[in-house]
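Structure at a glance
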Amino acid sequence: FRTRMNLHLGQGDTGEITFLGFNQDQTRLAVGTRTGFRVFSTNNLMLSFLREFGAPISLVEMLFCTNVLAFVGSGPDPFFPSKVVIWEDSQGSLIGEVNFKSPVCGIRLRRDRLVVILERSIVVYALEQLRLLDKIATSPNPAGVCAVCPMSPKFRLACPGEQVGEVLVKLFDLDRTHHIQAHEHPITAMAMNIAGTRLATASEKGTLIRIFSVETGEKVLEVRRGKDPSNIDGLCFSSDSRWLAVSSTRGTVHVFSVSDEQRNPGSSLSFLSPVIPYFGGSWSFAQFHIPGADRSPHPIRSICAFTPANELIVATSEGMFYKCR
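Scoring rules and cut-offs
- Residues numbered from 1 in each chain as written.
- Predicted model: local features only at pLDDT ≥ 70, side-chain atom pairs only at ≥ 80, totals over all residues.
- Heavy atoms only, no water.
- Salt bridge = Lys/Arg side-chain N within 4 Å of Asp/Glu carboxyl O.
- Buried < 20%, exposed > 50% of the residue type's maximum accessible area, 1.4 Å probe, protein only.
- Helix = DSSP H or I, 4+ residues; strand = E, 2+ residues; numbered from the N terminus.
- Pairing = 2+ DSSP bridges.
- Polar contact = N/O pair within 3.5 Å; in protein donor to acceptor, adjacent residues only side chain to side chain.
- Phe/Tyr/Trp six-rings, centres within 6.5 Å; stacked < 30°, edge-to-face > 60°.
- Lys NZ or Arg CZ within 6 Å of the ring centre and 35° of its normal.
- Axes fitted to C-alpha atoms, helices over the stretch in contact; angles between N-to-C directions.

Let's talk about the pattern of salt bridges
- Counted under the stated rule, the structure contains 15 salt bridges.
- The shortest N-O distance in the salt bridge between arginine 242 and aspartate 240 comes to 4.0 Å.
- Judged by its relative accessible area of 37%, arginine 242 is partly exposed.
- One salt-bridge network, held together by shared partners, links Arg110, Asp112 and Arg113.

Below, the structure written as structure tokens:
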């Protein structure tokens, strides 16, 4: 790796981290803590701004590099786990809120939409007026799995369907919906590229990542993370859609080529794949091993992304930040 830095939270206690998430173009990193949140630049890890509420923040979603955020708390009033707060940090003011009857599991923001993920449904609002636009039923989704095309003028959304292993893709711009039987096990991670044309999915087994065409629902690529089950924590396309990064609780971040499948090595025993599926599929052409993960007494959670220069960036639950070429 080229850069290794510590996320300085002020208290010096990495146990303070309650959430990690990148913004839509991966230029900012939001860190939720037991008392508020911090936002760092992924270019140099300089602190962009912080806010102390004296209450834990469990979810933070930035709106690109603006001062507008949406967040969810996990404490008492006014930051209930069932309330989404829209916040303007330059003025330190609340600009909107939406309340629900059940805890919020995830949030996604676009310049024109707020997407709220509940355990069994996803609710879509027009951001400016917080006007309800759509409600989508899902299978149980406590991890808040959902992918939204953030930068394209086309609004496209993917989420777990109502059947186990199913993905529902809604192309609002084309008034079209796909139901994709992506995996045999429950969906636990997904990511959409910036153009809204490719969707990557993983199940709770975490061994296979499948990439689909958003517009047709057809599978275009299947890659293998490994043979042992693992939780997938991070899944991200590069801004040019050439690469896909996958991080898991095994402590390794895998990088696959999406645009040129030949760059991904295959097993020398691939001829056995019709009988033993493990030998099929493409493998990662590059890996980053999180230092100390193999010696940690507990799994190290991590998220991954790419800078505009296609550098791999990784942030961990231990409060570390890595940038790799």
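Looking at the pairing of strand β6 (residues 57-62)
- Of all 6 residues in β6, 5 are buried, a share of seventy percent or more.
- Across 5 bridges, β6 lies against strand β7 (residues 68-73) in antiparallel orientation. Opposite glutamate 61, over in β7, you have alanine 70 as the bridge partner.
- Between β6 and β7, which pair antiparallel in sequence order, lie 5 residues; one of them, phenylalanine 64, sits at a positive phi of approximately 50°.

Examining the side chain of serine 241
- With respect to the element layout, serine 241 can be found in the loop between β22 (232-237) and β23 (243-248).
- Note on serine 241: relative accessible area 19%, which makes it buried.
- Within the local environment of serine 241, its side chain forms a polar contact with the side chain of asparagine 193, the two groups lying 3.0 Å apart.

Concerning the packing of aromatic side chains
- Counted by the stated rule, this structure contains 12 aromatic pairs.
- Ring centres of phenylalanine 53 and phenylalanine 71 lie 5.3 Å apart, and the angle between their planes is 35°; on these two criteria the pair is classed as tilted. Taken together, the residues span a long stretch of sequence, with phenylalanine 53 in the loop between β5 (47-52) and β6 and phenylalanine 71 in strand β7 at a distance of 18 residues.
- Overall, the relative accessible area of 0% leaves phenylalanine 71 in the buried class.
- Look at phenylalanine 71 and phenylalanine 79: their rings are 5.5 Å apart centre to centre, the planes differ by 65°, and that puts the pair in the edge-to-face class. Residue phenylalanine 71 shares its accessibility class with phenylalanine 79, and that shared class is buried.
- Taken together, the ring pairs in this structure connect Phe37, Phe49, Phe53, Phe71, Phe79 and Trp87 into an aromatic cluster.
- Directly above the ring of phenylalanine 285 sits arginine 263, whose terminal nitrogen or CZ lies 4.7 Å from the centroid.

Comments concerning the pairing of strand β8 (residues 83-88)
- Burial analysis of β8 places 6 of its 6 residues in the buried class, which makes it a mostly covered element.
- Of the two faces of β8, both are covered, the one formed by Lys83, Val85 and Trp87 as well as the one formed by Val84, Ile86 and Glu88.
- Here β7 runs beside β8; their pairing, made up of 4 bridges, is antiparallel. In the sheet register, leucine 69 faces β8, and the bridge partner there is tryptophan 87.
- Alignment of β8 against strand β9 (residues 93-99), held across 6 bridges, turns out to be antiparallel. Each residue of the ladder has a partner; that of valine 84, found in β9, is valine 98.

Observations concerning the sheet that holds strand β29 (residues 320-324)
- Ordered by their spatial adjacency, 4 strands build an open sheet running β1-β29-β28-β27, and the pairing between neighbours is antiparallel. Edge positions in the sheet fall to β1 (3-6) and β27 (302-306), since each has one partner strand and no second. Averaged over all neighbouring strand pairs, the angle between strand axes comes to 15°, with direction disregarded.
- Pairing of strand β28 (residues 312-316) with β29 involves 4 bridges; the strand directions are antiparallel. Its bridge partner being in β29, isoleucine 313 is matched across the sheet by lysine 323.

Interpretation note: all reported values are geometric properties and have no functional meaning in isolation.
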